[in-house]
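# Structural description and commentary
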Amino acid sequence: MKRRALIGCAQCLALSGLLGPAASRAQGSWLAPPRFERPDVATDEGGLWAMMDREETRLRRSPFLVRDAALQKYLQDMACKLAGSHCPDVRVYPVRTPFFNASMAPNGMMQVWTGLLLRVDNEAQLAAVIGHEIGHYMQRHTLERLRDVKSRSAFGMFLGMFGLVGLVGQMATLAGAFGFSRDQERQADQIGLALMRQAGYDTHEAPKVWDNLRLELAAVHGGDPSLRNPLFASHPGSAERGEKLRELSAGDEAGYVGEAEHRRALLGLQAQMLEDELKRGQTGETLALLGRLIERQPERADLLYSRGEARRLRAADGDLDQALADFQRAIAVGSEPPEVYRSLGYLLRSRDDAEHAREAFGRYVEKAPAAPDVALIKSFL
Amino acid sequence: MKKNIRARLAMLAFSLLLAACAAPVTRVEVGEVTVGKRMAVKVDAAWNQFGGGLTAGIPTWTMEGITIDALRFYTDVKDGQTFGPANPPKGRQPLIFKAAMQPADIVALFQSLQTQDGSSFTLDKLEPTEFLGGTGFRFEYSTIRKVDEVPLKGVAYGRVRDGELFLVSYSAPRLVFFPRYQSRVESLIRSVSLRG
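A few words now on the overall build of chain B. Within chain B, the secondary structure is distributed over four helices and eleven strands. For chain B, the proportion of its 196 residues judged to be buried stands at 34%. At a minimum sequence separation of 6, the contacts of chain B that also span at least 24 residues come to 48%.

This is how it looks when you write it as structure tokens:
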């Protein structure tokens, strides 16, 4: 236990940024701690593991778990490449949730949300996030946070006894806890980069994850939420993370990117991921995301349809014209989803073009005779 | 499986207990009741009506408890008004109703509201139907609530009349409660009329 703590502490120093970018780059040969033994259940760490074990049992039965054996294997193999000797202890679960996120529990359970899978352009970008999560695991950050929160809450309660002055002290304690979390995030970013390097991934892809996320955050209703209250943000801003990762990867040689492999792994899941993204009803963010994806893959009819549908539903100035162009382009490209004809029909119907609307609805019914809304569509014919 | 679902429902009920304490609950008596400004509903059995924060300002009735089944009335939603809670969480684009919306667009609004917390939503059926004395639409849907992973089934009737949206939805756990109340709820919804 003491040995592990010592190794952990040595990594903290090496990766905390105190040694500067050049020294951190030398951590390409970063020494991971040895595999963890299951902690004694009577300890706080053992209790945390037991809690996460129960959560993992629940997750295995969860209807939100993506039961796609090929995708599960793809993610597991990738985590193994990054985790090295810890591979047998890391278990990856893809979870159907349309938000950008991944998480790692101290017992080795990792969740990768479908919103993240949709947003990364290639395997190297996904490796940057999975590597980051493995970094948290290897540094046992959750345990550190648990202990930090416990000590801060006791201290905060003590301060609370001193009225207004104590309240200010409590706020400072809370801000300190978030600061602690931000340091952990920075450390995990750097370990993730080291793991990418060791596994042969192209580290120049890591900052792009945050650049892409910034585009979407800028389109969030009311502006980038991370800029609103930076004092209490538990994560460093995406601009800072992108810049730091760019700086740390600047001297690295190009490595494995894996764009085609990533696309292949997600093939069976694309339609559902795009549908879930549309259902969020957050058009600004969705359009920022789809615009970026279409720039990379302009011939994908499903992306064109989704962007057109997001615009049709928003129906702001100029949206319907652009939606019409996207639908027509999707049909011209080919392999279009049947829903494109339904959306085209609705768009034309809203413009009182009854004849062409009927034609489009007819194509939809022909291509998707068992669709749940066929009875309504038939009433338009 | 049923035991598991019951345990989760109990957990959810407990976690919402404190909030529920603050929410005013009133009994909806048998007879004709006005919901919103002018929606007249013929009630054949007593319901509980919740108000306050739990329902985000949407009149909500329940038979078994708000964490189990919920009959919601979205009434008098005018062109340009927010659909659902009047004050959506910060950073969330409000769901705006437009009078020119077609049934599928209104279903899309409804599903965006249901999936805000990561819950799933599947449209099972969408069809034209008589509602509020004219042609409206009826849809059935399935959701899995993210917070406790309970599968729910739902049905809703909607219509845009004189540029205003009226939509009544009912949802309950799929296996027991939804089939128990579906026909009673649907006849209640079909009985709804508008005053004035």
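From this point, the narrative continues.
Glancing now at the interface of chain B and chain A. Tallying the contact residues gives 27 residues for chain B and 25 residues for chain A. Those elements giving two or more residues to the side of chain B that touches chain A turn out to be α3 (103-114), β7 (120-131) and β8 (134-144) of chain B. No other element matches β7 of chain B, which puts eight residues into the side of chain B that touches chain A. For the side of chain B that touches chain A, the residue count by class is eleven nonpolar, eight polar and eight charged.

Residue and element names in this part refer to chain A. On the basis of which strands lie adjacent, the open sheet formed by three strands has the order β1-β3-β2 and mixed pairing. Lying at the two open borders of the sheet, with one neighbouring strand each, are β1 (91-95) and β2 (102-104). The sheet shows a mean angle of 15° between the axes of neighbouring strands, taken without regard to direction. Pairing of β2 with strand β3 (residues 109-113) involves three bridges; the strand directions are antiparallel. From the neighbouring strand, serine 103 faces β3, where its bridge partner is glutamine 111. Its contacts with the sheet place helix α4 (residues 69-83) against β1 and β3, and it is angled at close to 135° to β1.

With that out of the way, let us pick up the domain arrangement of chain A. Residues and elements named next belong to chain A. What the domain assignment lists for chain A is domain 1 (2-249) and domain 2 (268-378). Between domain 1 and domain 2, the residue contacts involve 15 residues of the former and 13 residues of the latter. Sorting elements by how many residues they give to the side of domain 1 that touches domain 2 places helix α5 (residues 114-119) first, with four residues. In the side of domain 1 that touches domain 2, the residues fall into eight nonpolar, three polar and four charged.

Residues and elements named next belong to chain B. If you trace the three strands from one edge of the open sheet to the other, you get β2-β3-β11, paired in antiparallel fashion. Where the open sheet ends on each side, the last strands, each with one partner, are β2 (31-35) and β11 (193-194). The pairing of β2 with strand β3 (residues 39-43) spans five bridges and is antiparallel. The residue of β3 that forms the bridge with glycine 31 is valine 43.

When the pLDDT values of chain A are averaged, the result is 83; 80% of them are 70 or greater. Every residue in residues 1-27 of chain A is under pLDDT 50, and counting partners more than four places away or in other chains gives 25 contacts.

Okay, unusual backbone geometry next. The phi dihedral of alanine 315 of chain A falls on the positive side, at around 50°, and the residue is not glycine. Along the polypeptide, alanine 315 of chain A turns up in the loop between α14 (301-314) and α15 (319-333). Although it is not a glycine, aspartate 162 of chain B adopts a positive phi angle of roughly 50°. Its place among the elements puts aspartate 162 of chain B in the loop between β9 (151-161) and β10 (164-173). On the basis of neighbour count, aspartate 162 of chain B is assigned to the exposed category, with 7 C-beta atoms found within 10 Å.

The next point concerns the nonpolar core. Residue and element names in this part refer to chain A. Core analysis: the largest hydrophobic core is formed by 117 residues, its most contacted members being Ala79, Val112, Ala127, Ile130 and Ile134. With nine residues, the top contributor of residues to this core is helix α6 (residues 123-138). Counting only domains with at least three residues in this core, you end up with domain 1 (2-249) and domain 2 (268-378). Ignoring sequence-local partners within four residues, the contact set of isoleucine 134 consists of Ala79, Leu82, Ala83, Val90, Met104 and Leu195.

So, about the confidence of the model for chain B. In this model, chain B carries a mean pLDDT of 86, and residues with pLDDT of at least 70 account for 86%. As scored by the predictor, the complex reaches a pTM of 0.82 and an ipTM of 0.83.

Now for the packing of α15 of chain A against helix α16 (residues 339-350) of chain A. Residues and elements named next belong to chain A. Two elements in contact, α15 and α16, have axes separated by 10 Å at closest approach and are oriented at 145°. As for the relative orientation of α15 and α16, their crossing is left-handed in sense. Only Val340, Ser343, Leu344 and Leu347 of α16 make contact with α15, whose side of the interface consists of Leu320, Ala323, Leu324, Phe327, Ala330 and Ile331. Taken together, the residues of the contact of α15 with α16 break down into nine nonpolar, one polar and no charged.

Residue and element names in this part refer to chain B. Judged from the eleven bridges that link them, β7 and β8 form a sheet pairing that is antiparallel. By the bridge assignment for β8, threonine 129 is matched with glycine 136. Linking β7 to β8, which pair antiparallel, is a turn of two residues; within it leucine 132 sits at a positive phi near 55°. If you look at the hairpin formed by β8 and β9, you'll find six residues sitting between the two strands, and glutamate 149 has a positive phi there, around 60°.

Moving on: the environment of glutamine 190 of chain A. Residues and elements named next belong to chain A. Topologically, glutamine 190 is positioned in helix α8 (residues 163-199). Overall, glutamine 190 belongs to the buried group, with 26 C-beta atoms counted inside 10 Å. Each C-alpha atom, one on glutamine 190 and one on arginine 241, is 9.8 Å from the other, the two residues being 51 residues apart in sequence.

Further remarks concern the environment of arginine 161 of chain B. All names here are of chain B. Inspection of the secondary structure assignment puts arginine 161 in strand β9. Distance from arginine 161 to proline 85, taken between C-alpha atoms, is 21 Å for residues 76 residues apart in sequence. Residue contacts for arginine 161: discarding those within four places in its chain leaves Leu132, Gly134 and Phe166.

Basis of the calculations
- Residues numbered from 1 in each chain as written.
- Chains lettered and ligands numbered in written order.
- Predicted model: local features only at pLDDT ≥ 70, side-chain atom pairs only at ≥ 80, totals over all residues.
- Helix = DSSP H or I, 4+ residues; strand = E, 2+ residues; numbered from the N terminus.
- Buried ≥ 20, exposed ≤ 12 C-beta atoms within 10 Å, placed from the backbone.
- Contact = placed C-beta atoms within 7 Å.
- Nonpolar A, V, L, I, M, F, W, Y, C, P; charged D, E, K, R; others polar.
- Pairing = 2+ DSSP bridges.
- Axes fitted to C-alpha atoms, helices over the stretch in contact; angles between N-to-C directions.
- Domains from an automatic or database assignment.
- pLDDT = per-residue confidence, 0-100.
- Core = buried A, V, L, I, M, F, W, Y, C linked by C-beta atoms within 7 Å.
- Left-handed = near helix turned anticlockwise from the far one by under 90°.

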